[in-house]
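Now for the letters of each chain:
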Amino acid sequence: MAVLLTLQRAPALRQLLQEADLVGLGCTLTDTAGAETLKVTGIGSLQSAGPTEISFLSNPKLHEQLLGCRAAAVILQPKDWQAYQAIQPQPPAWQVVLCEQPYLMYALLAQWFDRHRIADLPRGIHPSAVIADDAILEDGVHIGPLTVIEARARIRAGTRIGPGCVIGPDCDIGTDCLLHAQVTLYHGVRIGARGILHAGAVLGADGFGFAPDPRVPGAWAKIAQLGGVLVGDDVEIGANTTIDRGAVEDTVLGNGVKLDNQIMIGHNCHIGDHTAIAACAGVAGSTTMGQRCVIGGAAMFSGHLTLVDDVHVSGGTAVTSDILKPGRYTGVFPMAEHNTWQHNAAVLGQLAPLRRRLRAIERQAMTEPARQSANNKQDT
């Protein structure tokens, strides 16, 4: 159950569907008159939604939950509505909203409610915030307690910055962004519109760049990281995720990129539009990912790689070479009992000599018929 608005402030069902970004979904109401008066205060599951909440059916396995549903309205596909009518001819207590993509519609309605939740939060500049005299704060900006805004930073209209954040010099944060508590932006980080950065995210720390220094055995000379971080529009970055600044050019995240928690993006990486990366993945420096890639949790990428568009990498996979063809790639060795795993690992270690022996046998098998034929000719 997620009641998000009071009944007095809740929209009617039709108003909600009109105001949410549902373009192209082709939603249909079976009771248009009821949709004008039915108030919707929030969103809930089929089991938990109450009489002022909207719910949805996206998994056919949950179809039986429709029978006991108490929601004000339910979003479902036409085929699921027909299946319900076949087993329950009586009209349900809930309003029917037909849509071919109910899960997407649920996501967009949830966004609508979340925007209104955030809009209702108090706005202003907390007196404990430290803001440079030449920083620019546009209309409707909120700055939380103990936040620091450094020289020449620009916070654009409608952006909300939570407590304890640090916005470095020359940063530029786009309109209607949301930075949760203790986000740190080093100098020169640029974020597009409607970005969401969760607690503890760090953008613009130095990339791991060092040159061997033979003047002292084993020593390293730091390479100053002079690039920045450029983040596109509608990007979400999870808690404690880190994105290093570029060595000379920028580290770039395209529009619509979604990063989970505790991800590491190395310096000079380019992540293409609408690519999604799950938690604990690590991407070494100068790797370029195409658009619409999907990266599973704990996947690891060597540096200086190229991934084309529409690549799907399974969780836990180590990628050590370029991927130049779209598709799904998996490199996970299955879990087993420890003793079994050790035996299998020992066999894998013997594959190279086994391959050489097999090739020798194949060559011998190919030459043996020719030798036999020659011997037969000599005998005759």
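Each remark here, short or long, concerns the structure printed above.
Here the structure is a predicted model, which is why all the values come from computation and not from measurement.

J.: So what's going on with the overall build of the protein? Which residues, and what values?
T.: Looking only at helices and strands, one finds six helices and 37 strands in the protein. Its C-alpha atoms give the protein a radius of gyration of 29 Å, clearly above 21 Å, the size a compact globule of 380 residues would have. Overall, the C-alpha framework of the protein stretches about 105 × 70 × 40 Å when taken along its three principal axes. Considering the protein as a whole, with its 380 residues, one finds that 38% of them fall into the buried category. When contacts within the protein are restricted to residue pairs at least 6 apart in sequence, those whose partners lie at least 24 apart make up 23%. Approximately 20,600 Å² of the protein is accessible, and the part contributed by carbon and sulfur atoms is 56%. Put simply, the protein has 29 plus and 35 minus side-chain charges, and the middle of one group is 7 Å from the middle of the other.

J.: Can you tell me about the pattern of salt bridges, naming the residues and giving the values?
T.: Enumeration according to the criterion identifies 13 salt bridges in this entry. Linking Glu138 and Arg154 is a salt bridge whose minimum nitrogen-to-oxygen distance equals 2.8 Å. Residue Glu138 is located in the loop between β8 (136-137) and β9 (142-143), and its partner Arg154 is located in strand β11 (residues 154-155); the two are separated by 16 residues in the primary sequence. Using a relative accessible area of 23% as the deciding quantity, one classes Glu138 as partly exposed. With a closest N to O distance of 2.4 Å, Arg190 and Asp250 form a salt bridge. With Arg190 in strand β17 (residues 190-191) and Asp250 in the loop between β24 (242-244) and β25 (251-253), this pair connects stretches of sequence that are 60 residues apart. By relative accessible area, which is 35% here, Arg190 ends up partly exposed. Residues joined by salt bridges that share partners form a network here, namely Glu138, Arg154, Arg156 and Asp172.

J.: I'd love a proper account of the sheet that holds strand β13 (residues 166-167), names of residues and values included.
T.: Here ten strands make up an open sheet; going across it, the order is β7-β10-β13-β16-β19-β24-β27-β30-β33-β36 and the pairing parallel. Pairing within the sheet leaves two strands with one partner each, and these edge strands are β7 (130-131) and β36 (318-319). Pairing analysis gives two bridges linking strand β33 (residues 300-301) to β36, with the strands arranged parallel. Looking at the pairing, Phe301 lines up with Val319 of β36.

J.: Hey, could you go over the nonpolar core for me, with residue numbers and the actual values?
T.: Of all hydrophobic cores here, the largest spans 47 residues; its most connected members are Ile167, Leu179, Leu185, Leu203 and Phe301. Those elements that provide at least two residues to this core are β22 (229-231) and β35 (311-313). If sequence neighbours within four positions are ignored, Leu203 has contacts with Thr184, Leu185, Tyr186, Val189, Ile191, Leu197, Val229, Val231, Ile237 and Ile243. Formed by 22 residues, the second largest nonpolar core is a distinct cluster that contains Leu17, Leu25, Ala35 and Ala73.

J.: Tell me about helix α4 (residues 102-120), and please be specific about residues and values.
T.: Relative to the 27 Å expected for 19 residues at 1.5 Å per residue, α4 spans 27 Å between its end C-alpha atoms, a close match to the ideal helical length. Listed as buried for α4 are Pro102, Met105, Leu108, Leu109, Trp112, Phe113 and Ile118.

J.: I'd like a description of the pairing of strand β19 (residues 202-205), backed by residues and values.
T.: In the sheet, strand β16 (residues 184-185) pairs with β19 via two bridges, with the strands oriented parallel. By the bridge assignment for β19, Thr184 is matched with Val202. Two elements, β19 and β24, share three bridges in a ladder whose sense is parallel. From the neighbouring strand, Ala205 faces β24, where its bridge partner is Asp244.

J.: With reference to specific residues and values, describe the side chain of His267.
T.: Summarising the element assignment, His267 is placed in the loop between β27 (264-265) and β28 (270-271). Within polar-contact distance, the side chain of His267 engages the side chain of Gln225 at 2.7 Å.

J.: Explain the side chain of Thr287 residue by residue, including any values.
T.: Residue placement: Thr287 occurs in the loop between β30 (282-283) and β31 (288-289). Contact partners of Thr287, with chain neighbours within four places excluded, come to Asn268, Cys269, His270, Ser302, Gly303, His304 and Leu305.

J.: Explain the environment of Asn261 residue by residue, including any values.
T.: Structurally, Asn261 can be placed in the loop between β26 (258-259) and β27. Taking the C-alpha atoms as reference points, Asn261 and Ala279, 18 residues apart in sequence, are found 5.0 Å from one another. Non-local contacts of Asn261, meaning those with residues more than four positions away in its chain, are made with Gly238, Ala239, Thr241, Ala279 and Cys280. From its side chain, Asn261 meets the backbone nitrogen of Ala239 in a polar contact 2.7 Å long.

J.: Talk me through unusual backbone geometry; I want residue IDs and the actual numbers.
T.: In this model, Asp234 sits at a positive phi of 60°, which is unusual for a non-glycine residue. Locating Asp234 in the fold gives a position in the loop between β22 and β23 (236-237). Looking at Asp234, the relative accessible area reads 31%, which means it is partly exposed. Positive phi outside glycine occurs at Cys280, with the angle close to 70°. Considering the arrangement of structural elements, one finds Cys280 in the loop between β29 (276-277) and β30.

J.: Give a detailed account of the pairing of strand β6 (residues 95-98), specifying residues and quantitative values.
T.: Burial along β6 is two-sided: Gln95 and Val97 and Val96 and Leu98, pointing in opposite directions, are all buried. Where strand β2 (residues 28-29) lies against β6, two bridges are found, and the strand directions are antiparallel. Paired with Thr28 across the bridge in β6 is Leu98. Traced from strand β5 (residues 73-76) through helix α3 (residues 78-87) to β6, the parallel crossover comes out right-handed.

Analysis parameters
- Residues numbered from 1 in each chain as written.
- Predicted model: local features only at pLDDT ≥ 70, side-chain atom pairs only at ≥ 80, totals over all residues.
- Heavy atoms only, no water.
- Helix = DSSP H or I, 4+ residues; strand = E, 2+ residues; numbered from the N terminus.
- Rg over C-alpha atoms; globule rule 2.2 N^0.38 Å.
- Buried < 20%, exposed > 50% of the residue type's maximum accessible area, 1.4 Å probe, protein only.
- Contact = heavy atoms within 4.5 Å.
- Areas by Shrake-Rupley, 256 points an atom, 1.4 Å probe, with all protein chains shown as cover.
- Lys, Arg positive; Asp, Glu negative; His and termini not counted.
- Charge placed at Lys NZ, Arg CZ, Asp CG, Glu CD.
- Salt bridge = Lys/Arg side-chain N within 4 Å of Asp/Glu carboxyl O.
- Pairing = 2+ DSSP bridges.
- Core = buried A, V, L, I, M, F, W, Y, C linked by side-chain atoms within 4.5 Å.
- Expected span 1.5 Å × (residues − 1).
- Polar contact = N/O pair within 3.5 Å; in protein donor to acceptor, adjacent residues only side chain to side chain.
- Right-handed = clockwise from strand over helix to strand, strands pointing away.

Without other data, these values stay purely geometric and don't point to any function.
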